[in-house]
Amino acid sequence: MIFLAGLSLIGLFLFPVWKITLEAPQYPGGISMYIWINKISGDSPGTLQNINILNHYIGMQAIHPDSIPELNYFQYIVILMTLLAFLLAAFHKRSLLLIWTIVLVLLSAFALYDFYQWEYDYGHNLSPDAAIKVPGMTYQPPFLGDKTLLNFVAYSYPSLGSVFIGLSMLFGGMAFIFKRKYNIEQ
Amino acid sequence: MKANKLITIGLCSITCILLISCKGPVSQQGGMEAGDAASRVYVAPGQMDEYYAFLSGGFSGQLSVYGLPSGRLLKVIPVFSVDGEKGYGFNEETRSMLQTSYGFVPWDDAHHPELSQTNGVPDGRWIFINGNNTCRVARIDLTTFETVEILELPNSGGNHSSPFTTENTEYVVAGTRFSVPFPQQDVPIESYRERFKGALSFISVDPVTGQMKVAFQVLLPAFNYDLAHSGKGKSHGWTFFTSYNTEQSNTLLEAGASQNDKDFIAAVNWKKAEEYLKAGKAHAIKANYLHNVYDEGSHMASTEEMNTVNVLIPEECPDMVYFLPTPKSPHGVDVDPTGEYIVGAGKLSADMSVHSFTKMLDAIGRKSFEGTIEGIPVVKYEDILAGVVQSSGLGPLHTEFDAAGNAYTTFFISSEVVKWKVGSWEVVDRAPCYYSVGHLMIPGGDSRQPFGKYLLAMNKITKDRYLPTGPELNQSAQLYDISGEKMQLLLDFPTVGEPHYAQALPTSLIIDRSKKIYKLEENSHPYATKSEAEGKVTREGNVVHVYMTAIRSHFSPDNIEGIQTGDKVYFHVTNLEQDWDVPHGFAVQGALNAELLIMPGQTETLLWEPKREGVFPFYCTDFCSALHQEMQGYVRVSGRNANVPLKWWVGSQNP
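Keep in mind that what you see is a predicted model, and the values were worked out from it rather than measured.

Caption draft 1: Focus on the overall build of chain A. When helices and strands are counted, chain A shows five helices and five strands. Overall, chain A shows an N-to-C arrangement of helices and strands of α-β-β-β-α-α-α-β-β-α. In terms of principal-axis extent, the alpha carbons of chain A reach across some 70 × 30 × 25 Å. Burial status across chain A gives 41% buried among its 186 residues. Taking the contacts inside chain A whose residues are at least 6 apart along the sequence as the reference set, 63% of them involve residues at least 24 apart. Taken as a whole, chain A presents about 10,200 Å² of accessible surface, with 68% of it coming from carbon and sulfur.

What follows is the structure, encoded as C-alpha cells:
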C-alpha cells in the first residue's frame, strides 16, 4: 500500500499540479497556464510570453520559471518522499507510515501556502510605472475558484497532478490503517 | 362567454383569410423565396461558412478568398500586384517575387485559380493562378494563404489556358493565348503564319514541396489557345486545350478569327510526351525566364534565372497531339467527372458539342483522320461526337458538373446558366444572370467528385444591381442553390476586380492546417532579431542596418541617432509575438515604398532613404493592443558627415 503511495507521487512528473486559466472574449478558449512540480507550461510554447505581455500593462512582474526556486527544489523533495515510501514498503514499521503520511500532508500544505504567497506577490507587487493603474485594484489570481480581474475572468483549480498527491495521501493513510488491522489480527 | 368565443373564432378566421390572401401575391413576386434564400445564406455572427471560395481578381492581379454561402470576404491574397496594405512587392523580402525577365513587374492580370488535386479531387494544399500579361504561374500555400512561388513562362504571349491541373497535380498547364514568334525575335507581323507558334507548357509540381518547373513545352500551330482541362479517370494522361483563330489572322481578329465553322480542341497525350522527353526527343531551346520562390523559414523570396526549356515538336513526336474539330471559337473545355465527355463551348454558336473520349481513342486507333496540320492529325467531328446540347442559349462559355450527372453551362450572350443532363443532352433548367456571365464554379465541379450544393456565377456587368459608384462599377458573383431540380438564386455580391474563374472546397480540407503564427525559433532570416537584447544598429559606409523588434507595445530600439542624409537605412523588424492574430505594422515618415505588416515570428525589411535632416517618427500601423497608439519611435537624421554618433536605445535616455 505504501508502495502505491510512493508510486502515485511519480504522477507529479507526468501531470501538472495546478491550472490557471484566463478568459476574455478576444481569447476564445482562454489562455491556460499549467504549474508543474518542476516547471510552468501553457497551451502553446508562446503562452507564458503572452501572459507576461498582458500582465506588464498592469505592472505585474514577468513570470520567469527560472526565478522561482521552488520549481527547482520541490522535485527533489518529491523524489525523496517517493524513495522513502519504497523503503517503508520494505520495513514493517507502522508508526513510520503515519509519520510519512503526516509529512506528506504538511508538505502539501506548505506548497499551497507557498503558491498563495507567490500569487500574492505577483498580484500586489506592481510596478509604479504600470501603464494601467486602477486605484485600489490588485491582481492576485484566485487561490481556488474564479475571480474577475478587469476584462479577464481568472480560474484557478487543481490539475491532475494534485489528484496524485491526494491518492498518495490516501494510500499512505490506508497503509497505516490496514497495518493496524493486520497487527490487531496478529 | 359564448359571445367571446364567437368573437375569437371570428377573428381567427379573418386572420386566416388575411394570411392566405397575402401569401398569393408575395410568392408570385418571389418575396417568399427571397426570405427563404436569406436564411440559407445567413451565417450567424460567430458561425463559419461551409466552403472556402477563391475568386481570381482579373486585372487586380490578386486572389480573393470568400466564405460560402455567406459571400463574406475573408482575405485578398496579393499575387501578381504590389499591395501596400501588406507591403507585398514593397518590402525587401517580397520584391523578388515580382521580378521577371523584363524586370520588376508590379501588376498582372490573374484569371484562373486552380486547386491542387489528389486522385482527381481538390486536396486543399495549394492553389495555382495564372498571370496573363507577363506570362507567369503562381502557387499559393493554403496553410498560410500567401504566395510562395511565381514561375515565368518562356515562348508565351498571354498565359490564358492556365493553370489547369492534372489528376494528381503532376502538372499544371499553361497554354499561350497569343501565338508569338518562335523563338521571340524581330520579324514582320505579316510573317504570322510562317514564324509564329503557340507553346503549351507543362509545369511539373513537386508532390512534396509543390515547387514548379517547366518540364516541357509542346509547340503547336499559331492559333490562340484559350482554356484547358485535363482528363480524369479513364482520360487521365490527356490534357485538352481549346483554340480559336485557326484562321491565323493577325489583325482585326473579331472578324478574322470568327470565319471558320470549326476550330479545334488540341488533345495532348502528356504521358506520351513524357516518353518522348525521356527518349531525348526534346529540343533544349535557349530561353530567359525567372523562377521566384518564397522561403517560409527565412521569410524571404529569391530569384533563379532559367536559361533553357525542353520543346517537343508534334511532327517529330507522333501520337502526342490530335485536333478535335469543335464549332465556332470554343472557350471552355470541360471534362465531366467520369472523364468520358469533353464539352467544348463554341462561344459563337447556339449549340454545344460534346465529344466522347472513348470515341476519340477509337478514331485514333482506326486512323480515321480528315487531314493533318503541321503533323498533327485532325480527327473527324462526326467520329467523336457524343451529343449536342441543342438551342440551349447563345454564347456558351464554360461548364461545370454536379455529383448527380448534371452539367451547368454559362451563356454570355443570353446571360444565363443552363442546366442539362450529361448523356441525354436535354436542357432541364435555366436561370438568368445579372448580367453577362463569364465562368461559373461549383465546389469541386471540375473534379472527379463535385461537392455540389452551390453554383457561383461570375458576371462581367452589374449596371443597376448595386448602388452606383460613378462610371466604374464592380463585377459580381451570384450564388445559386443547385441541390434541387430548379436552380435558385440565393445571393449576389460585388467582387474584388474581375473574377474570371473560381475554385471552392469544404473548409474542413483547410481549416485545421491553417497556420496561426510563425515560430520564432524557426525564423532563419539573416537579419532576424530574436530578443530585445540583440537589437542594434550597424553602419557599413552609407548602408545602415537597424535590427529592431516589435512586441506589445513598443519597438526596440525606438530612439535612433546618427543617421545621415543619403543613407540607405534598412529597418529589419522582427515581430517577437507568438500569439495568434497579433501582427505589428511599421511605417516611417518619408518612406517612398509602403508599410510593413509583420506576422508573429516574422521578420520584414523596409528600405528608407532619408533626404532631409530632422527627427522623424515611426509607428505601428496595425492596432495591436491597448497601447498601440504609444507604439512609436524617433529616428534622427543629420547632415552628411555630421559627427552625431550612431546610437540607439529604448526605455532609458542615452544609455
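We are not done yet, so read on.
Caption draft 2: Expanded view of the environment of A:S156. Residue and element names in this part refer to chain A. By the secondary structure assignment, S156 is in strand β5 (residues 152-158). By relative accessible area, S156 is classed as buried at 0%. The spatial distance from the C-alpha of S156 to the C-alpha of D43 is 15 Å, given a sequence separation of 113 residues. Beyond its immediate chain neighbours, meaning those up to four positions away, S156 contacts W18, K19, I20, F115, E119, P142, F143, L144 and G145. A distance of 2.7 Å separates polar atoms of two side chains, one belonging to S156 and the other to W18.

Caption draft 3: Quick peek at unusual backbone geometry. All names here are of chain B. Of note, the amide linkage connecting Y434 to Y435 takes the cis form, showing an omega dihedral of -10°. Relative to the assigned elements, Y435 resides in the loop between β30 (427-432) and β31 (437-441). Of note, the bond from R552 into S553 is cis; its omega dihedral lies within 30 degrees of zero at -5°. Tracing the sequence through the fold places S553 in the loop between β37 (543-551) and β38 (554-556). Not every positive phi belongs to a glycine, and N119 is a case in point at roughly 55°. Structurally, the position occupied by N119 is in the loop between β6 (110-118) and β7 (121-131). Given the relative accessible area of 52%, N119 is considered exposed. Non-glycine residue H299 carries a positive phi angle of around 55°.

Caption draft 4: Inspection of helix α6 (residues 357-365) of chain B at higher detail. Residue and element names in this part refer to chain B. Listed in full, the buried residues belonging to α6 are F357, M360, A363 and I364. Down the axis of α6, the smallest arc covering the buried residues is 120°, so these residues share one side. Capping the start of α6, S356 holds a side-chain oxygen 3.3 Å from the backbone nitrogen of T358, two or three residues further along. Just downstream of α6 lies K367, where phi reads positive at about 50°.

Caption draft 5: Highlighting the interface of chain A and chain B. Every contact between the two is made by nine residues of chain A and, on the other side, nine residues of chain B. The junction of chain A with chain B conceals about 800 Å² of combined surface from both sides, 55% of it contributed by carbon and sulfur atoms. For the pair chain A and chain B, the number of links is zero salt bridges. Across the side of chain A that touches chain B, the residue classes break down as five nonpolar, four polar and no charged.

Caption draft 6: Structural detail: the sheet that holds strand β44 (residues 614-619) of chain B. Residue and element names in this part refer to chain B. Strand order in this open sheet of six strands is β42-β41-β44-β45-β39-β46, and the pairing throughout is mixed. The sheet is open, and its two edges are formed by β42 (596-598) and β46 (647-649), each paired on a single side. Each neighbouring strand pair of the sheet contributes to a mean axis angle of 20°, computed without reference to strand direction. Pairing of strand β39 (residues 559-564) with strand β45 (residues 632-638), which is carried by four bridges, proceeds in the parallel orientation. Note on β45: the bridge partner recorded for I560 is V635.

Caption draft 7: Broad picture of the packing of helix α1 (residues 2-10) of chain A against helix α3 (residues 70-90) of chain A. Residue and element names in this part refer to chain A. With their axes 8 Å apart at the nearest point, α1 and α3 run at an angle of 160° to one another. When the interaxial angle is binned, α1 and α3 end up roughly antiparallel. For α1 against α3, the interelement crossing comes out left-handed. Residues I2, F3, G6, L7, L9 and I10 of α1 form the contact with α3, whose participating residues are V78, M81, T82, A85, F86, L88 and A89. Taken together, the residues that form the contact of α1 with α3 break down as eleven nonpolar, two polar and no charged.

Caption draft 8: Broad picture of the packing of aromatic side chains. All names here are of chain B. Evaluated as defined, the whole model comprises 40 aromatic pairs over all chains. Ring pairs connect the aromatic residues F555, F571, F586, W608, F616 and F618, which therefore count as one cluster. The ring centre of Y434 lies 4.1 Å from the NZ or CZ of R465, which sits over that ring.

Caption draft 9: Spotlight on the sheet that holds strand β32 (residues 454-459) of chain B. Residue and element names in this part refer to chain B. Taken together, four strands build an open sheet; the order of strands is β31-β32-β33-β34 and the sheet is antiparallel. On the outer flanks of this sheet lie β31 and β34 (488-494), each paired with one strand and no other. Pairwise comparison of adjacent strand axes, ignoring direction, gives a mean angle of 25° for this sheet. Sheet topology note: the β32/strand β33 (residues 476-481) ladder contains six bridges and is antiparallel. Following the sheet pairing, A457 is matched in β33 by Q478.

Caption draft 10: Structural detail: the pairing of strand β29 (residues 416-421) of chain B. Residue and element names in this part refer to chain B. A large share of β29 lies buried, amounting to five of its six residues. Counting the residues in the hairpin turn of strand β28 (residues 406-411) and β29 gives four residues, including S415, whose phi is positive at 50°. In this sheet, β30 lies alongside β29 in antiparallel orientation, the contact comprising five bridges. Bridge pairing in β30 links V418 to R430. Joining the antiparallel neighbours β29 and β30 is a turn of five residues, in which G423 adopts a positive phi near 110°.

Caption draft 11: A look at the environment of B:F623. Residues and elements named next belong to chain B. Mapped onto the elements, F623 comes out in the loop between β44 and β45. For the pair formed by F623 and H584, sequence separation is 39 residues and the distance between their alpha carbons is 7.7 Å. Residue contacts for F623: discarding those within four places in its chain leaves H628 and Q629.

Caption draft 12: Region of the structure containing the confidence of the model for chain B. Residues and elements named next belong to chain B. Residue-level pLDDT values for chain B average 94, and 94% of them are 70 or greater. Within the model, pLDDT remains below 50 along residues 5-32, and this stretch shows four contacts once partners closer than five positions in the same chain are excluded. Taken together, the chains of this predicted complex give a pTM of 0.92 and an interface ipTM of 0.88.

Caption draft 13: How the structure looks around the pairing of strand β19 (residues 300-312) of chain B. Residue and element names in this part refer to chain B. Note that strand β14 (residues 212-220) and β19 share two bridges and pair parallel. Looking at β19, one finds that V218 is bridged to L312. Both strand β18 (residues 283-295) and β19 contribute to a ladder of eleven bridges, which runs antiparallel. Its bridge partner being in β19, K286 is matched across the sheet by T308. Linkage of β18 to β19, two consecutive antiparallel strands, is achieved through a turn of four residues, within which H299 is found at a positive phi near 55°.

Caption draft 14: View of α1(A). Inspection of α1(A) places A:I2, A:A5, A:G6, A:S8 and A:L9 among the buried residues, and these make up the whole buried set. Looking straight down α1(A), one finds that the buried residues subtend no more than 155° of arc, so they occupy a single side.

What counts as what
Counting restarts for each chain: residues are numbered from 1 in the order of the written sequence. To read the labels, note that chains go from A and ligands from 1, taken in the order they are written. The predicted nature of this model means local features are confined to residues of pLDDT at least 70 and side-chain atom pairs, given and counted, to a pLDDT of 80 or more, with totals for whole chains, interfaces and linings taken over all residues. Excluded from the side-chain calculation are hydrogens and water; included are all heavy atoms of the structure. Only DSSP runs of H or I with at least four residues qualify as helices, and only runs of E with at least two residues qualify as strands; both kinds are numbered from the N terminus onward. Three exposure classes are used, based on accessible area relative to the maximum for each residue type with a 1.4 Å probe and protein chains only: buried under 20%, partly exposed in between, and exposed over 50%. Contacts are residue-level and defined by heavy atoms, with any inter-residue pair within 4.5 Å sufficient. In these tables, accessible area is a Shrake-Rupley quantity obtained with a 1.4 Å probe, and a residue counts as shielded only by the protein chains included in the view. For the purposes of these results, a polar contact is taken to be a pair of N or O atoms within 3.5 Å, where, inside protein, one atom must be able to donate a hydrogen and its partner to accept one; residues adjacent in sequence count only when each atom of the pair is a side-chain atom. Arc, as used here, means the arc of the directions from the helix axis to the C-beta atoms. The term buried area refers to how much accessible surface (probe radius 1.4 Å) is lost by two components on association, counted for both of them together. Any carboxyl oxygen of Asp or Glu that lies within 4 Å of a side-chain nitrogen of Lys or Arg is treated as forming a salt bridge with it. In this classification, Asp, Glu, Lys and Arg are treated as charged, Ala, Val, Leu, Ile, Met, Phe, Trp, Tyr, Cys and Pro as nonpolar, and every other residue, Gly included, as polar. In this description, strands pair whenever DSSP reports at least two bridges between them. Each axis is a line fitted through C-alpha atoms, taken for helices only over the stretch in contact, and angles between the N-to-C directions span 0 to 180 degrees. Each angle receives one of four descriptions, namely roughly parallel if under 35 degrees, roughly antiparallel if over 145, roughly perpendicular if within 65 to 115, and oblique otherwise. Handedness of a crossing follows from how the near helix is turned relative to the far one, being left-handed for an anticlockwise turn of less than a right angle and right-handed for a clockwise one. Pairing of aromatic rings covers Phe, Tyr and the six-membered ring of Trp, with a centre-to-centre limit of 6.5 Å; geometry is then stacked below 30 degrees between planes, edge-to-face above 60, and tilted otherwise. Over a ring means this: the NZ of a Lys or the CZ of an Arg is within 6 Å of the ring centre and within 35 degrees of the ring normal. Residue-level confidence of the predictor is what pLDDT reports, using numbers from 0 through 100.

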